Amino acid sequence: MEAKLKKLSDDDLEDISNFLSNIVEKKISSSVKSQKEILAMDINIKMTYPDENGGLDVDIDVDIDTDELSNLSNERINEVIDESYLELDEYINENYR
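This write-up is about the structure you can find in this document. (Residues numbered from 1 in each chain as written. Predicted model: local features only at pLDDT ≥ 70, side-chain atom pairs only at ≥ 80, totals over all residues. Heavy atoms only, no water.)

Description of the environment of Ser21
Piece 1. Topologically, Ser21 is positioned in helix H1 (residues 10-29).
Piece 2. Remark: the alpha-carbon pair of Ser21 and Thr48, spanning 27 residues in sequence, is separated by 16 Å.
Piece 3. In this structure Ser21 touches Ile43 and Ile45, once residues within four positions along its chain are discounted. (Helix = DSSP H or I, 4+ residues; strand = E, 2+ residues; numbered from the N terminus. Contact = heavy atoms within 4.5 Å.)

Written as structure tokens, this is what we have:
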């Protein structure tokens, strides 16, 4: 069983959001051959703290516009989001428990 989250401040929540946003952006950027493939990208992080269980609930939404020649698929974007959640879990365990 994981240790309970410490009480998170607004600064903590901002740090977590920034960490997650940076991870998603790096992973998507590394998934394309050229940055020119990405015409626009908006990463939205929605956090609810505390959630109904007294924890932190995080939702990631990536809105991306790519060049028509890009091979970046929705499946890869979903994989990036899943991988980012795993990294977020590690980050929270190391810094906020």
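A few points about the packing of H1 against helix H2 (residues 74-95)
Piece 1. At their nearest, the axes of H1 and H2 sit 9 Å apart, and the two run at 140° to each other. In terms of their interaxial angle, H1 and H2 are classed as oblique. In this structure, the crossing between H1 and H2 has a hand that is right-handed. Two secondary-structure elements touch here, H1 through Asp15, Ile16, Phe19, Leu20, Ile23, Val24, Lys27 and Ile28 and H2 through Arg76, Val80, Glu83, Ser84, Glu87, Leu88, Tyr91 and Ile92.
Piece 2. A per-class count over the contact of H1 with H2 returns 10 nonpolar, 1 polar and 5 charged. (Axes fitted to C-alpha atoms, helices over the stretch in contact; angles between N-to-C directions. Parallel < 35°, antiparallel > 145°, perpendicular 65-115°, else oblique. Left-handed = near helix turned anticlockwise from the far one by under 90°. Nonpolar A, V, L, I, M, F, W, Y, C, P; charged D, E, K, R; others polar.)

Digging into the pattern of salt bridges
Piece 1. Evaluation of the coordinates by the stated rule reveals 4 salt bridges.
Piece 2. For Lys27, the salt bridge is made with Glu83, and the minimal N-O distance between the two is 3.5 Å. Of this pair, Lys27 sits in helix H1 while Glu83 is found in helix H2, placing the two residues 56 residues apart along the sequence.
Piece 3. The residue Arg76 makes a salt bridge to Glu79 at a minimum N-O spacing of 3.2 Å. With a gap of 3 residues between them, Arg76 and Glu79 both fall in helix H2, about one helical turn apart.
Piece 4. By relative accessible area, which is 34% here, Glu79 ends up partly exposed.
Piece 5. A cluster of three or more residues bridged by salt bridges with shared partners is formed by Lys27, Arg76, Glu79, Glu83 and Glu87. (Salt bridge = Lys/Arg side-chain N within 4 Å of Asp/Glu carboxyl O. Buried < 20%, exposed > 50% of the residue type's maximum accessible area, 1.4 Å probe, protein only.)

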